[in-house]
Amino acid sequence: MNAPDADVYDVELTTLIYGGEALGRLPDGRAVFVPFALPGEKVRLRLVEDKRNYARAELLEVLSPAIQRIQPRCVHFGVCGGCHYQHMPYADQLDAKRDILKDQLVRIGKMSDPPIQATISSPQPYNYRNYVQFHLTNEGRLGYYKAQAQQVFAVQECHLPEEPLNIVWPQLQFDSIPELERIGLRLGADNDIQLILESSDLQPPEFSVEDLPISAVHLSEAGALVLAGSEQIIIEVLERSFQVSAGSFFQVNTPMAAAMITHLLENLTNYVALQSGSSVLLDVYCGVGLFSAFLAPRVRRLIGVESSPSAVEDFVANLDDFDNVEIYEAQAEQALPQLTLNPDIILVDPPRAGLEKAVLDSILRYFPKVLVYVSCDPATLARDARRLRKGGYRMRKITPFDLFPQTFHIESLSFWTPAA
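Residues numbered from 1 in each chain as written. Predicted model: local features only at pLDDT ≥ 70, side-chain atom pairs only at ≥ 80, totals over all residues. Heavy atoms only, no water.

(A) Here's a closer look at unusual backbone geometry. Its identity is not glycine, yet Asn127 carries a phi of approximately 55°, on the positive side. Within the secondary structure, Asn127 sits in the loop between α1 (90-107) and β6 (131-136). Residues other than glycine seldom take positive phi values, yet Tyr285 does so here, at roughly 60°. Structurally, Tyr285 can be placed in the loop between β15 (280-284) and α4 (292-295). (Helix = DSSP H or I, 4+ residues; strand = E, 2+ residues; numbered from the N terminus.)

Shown next, in the form of C-alpha cells:
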C-alpha cells in the first residue's frame, strides 16, 4: 500500500543480504534494501536512494515483526552504523552469515555447490573487540558514524569493546579538533591499553594521559610519535606474544584469531605434508606475522610479503627466533611478479578489495600445491573464486568465522588445490 508520502511504502521483506540489509520489492517490482529489519517482516519504509533498478530505504516502523526478532542491547541500535544484527538471536546470525557467504559464492563465484561449513561462533557475542575506533563530533565528543550517513553522533555506550576499553574511553576528553581524524584504543596482554591518535596535522593535539595508565601514540604523515608509554603493545594468541605497533593491523577478536590458526593447522595437513618440514610457504599480506609465527616451525622456508612499514618491523620482531623466515616490504602486486620462487603453499589475507589481478596471476603462475585464502569480504572472495576456478583450482573447504558478532562482516578461511 502506498502511504500518503510518495516515498513511503509498506513492504514485505524476504531475504537477508550481505551488507546487513533485508530485501523486499516495491510495487513496481524493484528491489529495495532496508537496514535493521528481518526476513518475514512487514515494514514501513522511506526511500533514501531511488535508482532505476533498485532503491535503498530507512526503516520507519516494523508493522509485523518476525518471530525471531529480539530487543537490541544498545540504545544506539538503529542509529549507529556499527551494528546491524542486534535484533537477531546469535544463533540466527551465525546461520545467516553462512547462507550469505554461500549465496555470494553461488551468484558471483558461479559455484554450484560450494563446500561451506557451519559458521564458527565467537565465544563472546558482545565485548569481544580488542580494538575500537572513534571519531569526534563538532563539540569534541567521542562518537561513531550514523547508519547511511557520514555524520558523527556522540556515543553513550558500546557493547562491542572488551571491558577494560569500555572503562577507559568514557574518560577521554578532547576539544573540537578538525585535524584529529580517528581515535583508537587497543587492548593488549595484562590489560595494557594504547591510545592511538590519527591526525592530518603533523603536530599532536594537546592532550594529557597523566590520570590514565595508558600509552599514547600520535600517527601522522610524519610517522609515529610516542606521547606516553610505548609505540608497541603486546597481544597474546595461543600462548605466543605478538608485538603490535600503533600503525599495524591486528585481528580485533583475539579468541577468534586463535580459532582460525587452530583450524588452519588442523586442516592444512590434509592437503600438503607439513610434518617433514620440507615445504616452502609464501605468506602474502602477512601483517605482523600472526599466521607465519605458527607456520614457520612446520616448513623449510617461509617468505612474507607486507606493504606496511610498521607491520614489517613487528613481523621481524615477532619471528626473530626463526632462521628460515624472510620478508619483503612491498605491495603484493609489485612483489609477486618479481619473485623467483616455487612455493608449495601460498597463504593470502588480503584487504576487503581482495586480490589484485597481478597477485592472482602470480598465484596461478606459481601454481602451489595448496592455496589458503583468508577473506574478510564474501563478494571479493567470490569474484576471486571464479578466477581461481578458471585458472585450474578447486575449493576444497570453506569455513566462515564470526570475528564480528552483531555486524554483517564475515571472515572466512578456504583451502584450494589444483582441480586435476
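(B) Up close: α1. Compared with the 26 Å implied by 1.5 Å per residue over 18 residues, the 26 Å span of α1 between its first and last C-alpha is a close match. Taken as a whole, α1 has its buried residues at Tyr90, Gln93, Leu94, Ala96, Lys97, Ile100, Leu101, Gln104 and Leu105. An end-on view of α1 places all buried positions within 165° of arc, on one side of the element. At its buried positions, α1 is contacted by β1 (8-16), α8 (378-390), β20 (393-401) and β21 (411-418). (Expected span 1.5 Å × (residues − 1). Buried < 20%, exposed > 50% of the residue type's maximum accessible area, 1.4 Å probe, protein only. Arc of directions from axis to C-beta. Contact = heavy atoms within 4.5 Å.)

(C) The pairing of β6, seen in detail. Counting buried positions along β6 gives 5 out of 6 residues, so the element sits mostly inside the fold. The sheet contact formed by β6 and strand β9 (residues 180-187) spans 4 bridges and is antiparallel. From the neighbouring strand, Gln133 faces β9, where its bridge partner is Gly184. Bridge analysis of β6 against strand β7 (residues 142-145) gives 2 bridges, and the strand direction is antiparallel. Along β7, the bridge assignment pairs Leu136 with Leu142. (Pairing = 2+ DSSP bridges.)

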